[in-house]
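Commentary on secondary and tertiary structure
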Amino acid sequence: MKKLLMPYNSQSLNLKNHLVMAPMTRSRAIGNIPNALMAEYYGQRRGAGLIITEGTAPAPEALGYARIPGIFSAAQIEGWKLTTAAVHQNDTKIFLQLMHTGRIGHQANLPEGVQVVGASAIPAAGQMHTDTMGMQDYPNPVALSTKGVQDVISGYVTAAKNAIAAGFDGVELHAANGYLIEQFLNPNVNNRADIYGGNIENRSRFALEVAQRVADAIGKEKVGVRISPNSTLGDLQAYDADATEETYIHLSREFNRIGLAYIHISINPQVPAYTLAAIRTEFEGTIIYCNTFTAEKAEVELNNGDADLIAFGRAFLANPDLEQRIINGTELNAPDFTTLYTPGAKGYTDYPVLFN
């Protein structure tokens, strides 16, 4: 039997298989409130051992994209209960990804009176889609004050508690892809002069304080983190290779000290093998790899011990019955890229299913 489909048991995670559904923004949360259509989508994919939801805003200013869900209001908590109930019917675990977009956002996607914030007042190059104004340049973010940073951390804590109240098995902190936590890590975006800027320890402080506070609030075994070493998404720009490796070694060592359930690594061509090996050495918990994996490549990674679990994004997006297709060696549906972020069921819950 393929290892990918065998049960996985660790100190923090007990899963029916090694198959993870990766977090993917799908922009179906009308009014930023999770709904029945989203519950159907996640419920269709409950063959995964672990589902990690799309990025979900822990606070109003974190809603950088159009139609992404939040977890800061009573209505959002109630909306997410539909999803957790649907997924748990098949003994699947589900973690809510907490994503604060930081400077990667636009006021048109935020509630009235809420500003785009960032580690520093440095705008990202490029444009952002808005439903009301079309494509817009990224704005100059308001640099968070030291107190403002603490307020954001408190928002993460409240959001994590809300996630547990909504029935989630845990939360994943999105510290990848150029969003707020990674904005603090990158010296090209973080020019702060307080305790959250400057050297590696200070630039890592925000990530580690969020992780520690959330772990204290809901239990360390219910907290994972996603990282993307050497990524330039979100106009981050690469920085010194030695400093980059040292940053992620420091983070991994501290995440291990906190006792997080897992580190979820978004693999990209720029991340050196020695950085991945160093993370594996420093972190004793579960390691998840993600990005461009086939079932065959996943088996290799699992069997050589580089990763404990493998996350699939596009394959799960287009194949609700992915685990059954892997079992049967069946051809996969191709994703419809024109409907990735459009409202409605098309390209979301209507992909052909061969196995129930």
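Here, every reference points to the structure presented above.
Computed from a predicted structure; not experimentally measured.

**So, the pairing of strand β14 (residues 309–312)**
Covered by surrounding structure in β14 are Leu309 and Ala311 together with Ile310 and Phe312, the residues of both alternating faces. Here strand β3 (residues 19–21) runs beside β14; their pairing, made up of 3 bridges, is parallel. Within the sheet, the bridge partner assigned to Met21 lies in β14 and is Phe312. Relative to β14, strand β13 (residues 286–290) runs parallel, the two being bridged by 3 bridges. Paired with Ile288 across the bridge in β14 is Leu309. Remark: the β13/helix α8 (residues 295–304)/β14 crossover connection has right-handed handedness.

**What to know about the nonpolar core**
In this structure, Phe206, Val214, Phe255 and Phe312 are the most contacted members of the largest nonpolar core, which totals 83 residues. Ranked by residues supplied to this core, first place goes to helix α5 (residues 200–218) with 9 residues. If you look at the next biggest cluster of nonpolar residues, it comprises 14 residues, including Leu15, Leu50, Ala261 and Leu309.

**Overview of the packing of helix α6 (residues 241–258) against helix α7 (residues 273–282)**
The axes of two packed helices give the description: the angle between them and the distance between them. The geometry of α6 relative to α7 is characterised by a closest axis approach of 8 Å and an angle of 20° between their N-to-C directions. Viewed along their axes, α6 and α7 adopt a mutual orientation that is roughly parallel. Viewed along their axes, α6 and α7 form a crossing whose handedness is right-handed. Between α6, through Glu245, Tyr248, Ile249, Ser252, Arg253 and Asn256, and α7, the contact on the second element is made entirely by Tyr274, Thr275, Ala278, Ile279 and Glu282. Each residue belonging to the contact of α6 with α7 can be placed in one class, and the counts come to 5 nonpolar, 3 polar and 3 charged.

**Some words on the pairing of strand β10 (residues 170–175)**
Burial runs high along β10: 6 of the 6 residues are buried. Neither face of β10 is left uncovered, since the one carrying Gly170, Glu172 and His174 and the one carrying Val171, Leu173 and Ala175 both have all their residues buried. As defined by bridge partners, strand β5 (residues 93–98) adjoins β10 across 4 bridges and the pair is classed as parallel. Looking at β10, one finds that Leu96 is bridged to Val171. By the bridge criterion, 5 bridges tie β10 to strand β11 (residues 223–227) in an arrangement that is parallel. Looking at the pairing, Val171 lines up with Val223 of β11.

**Let's talk about the pattern of salt bridges**
In this structure the tally under the stated criterion is 8 salt bridges. Between Arg67 and Asp131 there is a salt bridge, with the nearest N and O atoms lying 2.8 Å from each other. Here Arg67, found in the loop between β4 (50–56) and α2 (74–88), pairs with Asp131, found in the loop between β7 (127–130) and β8 (134–137); they are 64 residues apart in sequence, far enough to count as distant. We classify Asp131 as partly exposed; its relative accessible area is 46%. The salt bridge involving Asp194 is made with Arg192; its shortest N-O contact spans 2.7 Å. Under the relative-accessibility criterion, Arg192 is labelled buried at 12%.

**Notes on the side chain of Thr244**
Along the chain, Thr244 turns up in helix α6. What Thr244 contacts, discounting residues up to four positions off in sequence, is Asn230 and Tyr239.

**Re the packing of aromatic side chains**
With the rule as written, the count across this model stands at 9 aromatic pairs. A ring pair is formed by Phe95 and Tyr262, whose centres lie 5.7 Å apart and whose planes are at 40°; its orientation type is tilted. Here Phe95 is found in strand β5, whereas its partner Tyr262 is found in strand β12 (residues 262–266), with 167 residues between them in sequence. The two residues Phe95 and Tyr262 agree in class, both being buried. Centre to centre, the rings of Phe184 and Tyr196 are 6.3 Å apart; their planes meet at 80°, and the pair counts as edge-to-face. Here the residue Phe184 occupies a position in helix α4 (residues 180–185), and Tyr196 occupies one in the loop between α4 and α5, the gap between them amounting to 12 residues. Residue Tyr196 is classed as buried on the basis of its relative accessible area, which comes to 1%.

**Looking at α5**
In this model α5 runs 27 Å from its N-terminal to its C-terminal C-alpha over 19 residues, within 8% of the 27 Å that 1.5 Å per residue would give. Buried within α5 we find Ile200, Asn202, Arg203, Ser204, Phe206, Ala207, Leu208, Val210, Ala211, Val214, Ala215 and Ile218. The elements touched by buried residues of α5 are α3 (146–165), β10, α4, β11 and α6. Here α5 starts with a cap whose side-chain oxygen sits 3.2 Å from the backbone nitrogen of Glu201, and that cap is Asn199. Gly219 sits one or two residues past α5 and shows a positive phi near 105°.

**Section: the sheet that holds β11**
The 8 strands lie next to each other as β3-β4-β5-β10-β11-β12-β13-β14, forming a closed barrel whose pairing is parallel. When the angles between neighbouring strand axes are averaged without regard to direction, this sheet yields 25°. Those strands touched by α2 are β4 and β5, and its axis lies near 150° from that of β5. Where α5 meets the sheet, it contacts β10 and β11, and its direction lies at approximately 175° from that of β10.

Conventions and cut-offs
Residues numbered from 1 in each chain as written. Predicted model: local features only at pLDDT ≥ 70, side-chain atom pairs only at ≥ 80, totals over all residues. Heavy atoms only, no water. Buried < 20%, exposed > 50% of the residue type's maximum accessible area, 1.4 Å probe, protein only. Helix = DSSP H or I, 4+ residues; strand = E, 2+ residues; numbered from the N terminus. Pairing = 2+ DSSP bridges. Right-handed = clockwise from strand over helix to strand, strands pointing away. Core = buried A, V, L, I, M, F, W, Y, C linked by side-chain atoms within 4.5 Å. Axes fitted to C-alpha atoms, helices over the stretch in contact; angles between N-to-C directions. Parallel < 35°, antiparallel > 145°, perpendicular 65-115°, else oblique. Left-handed = near helix turned anticlockwise from the far one by under 90°. Contact = heavy atoms within 4.5 Å. Nonpolar A, V, L, I, M, F, W, Y, C, P; charged D, E, K, R; others polar. Salt bridge = Lys/Arg side-chain N within 4 Å of Asp/Glu carboxyl O. Phe/Tyr/Trp six-rings, centres within 6.5 Å; stacked < 30°, edge-to-face > 60°. Expected span 1.5 Å × (residues − 1). Polar contact = N/O pair within 3.5 Å; in protein donor to acceptor, adjacent residues only side chain to side chain.

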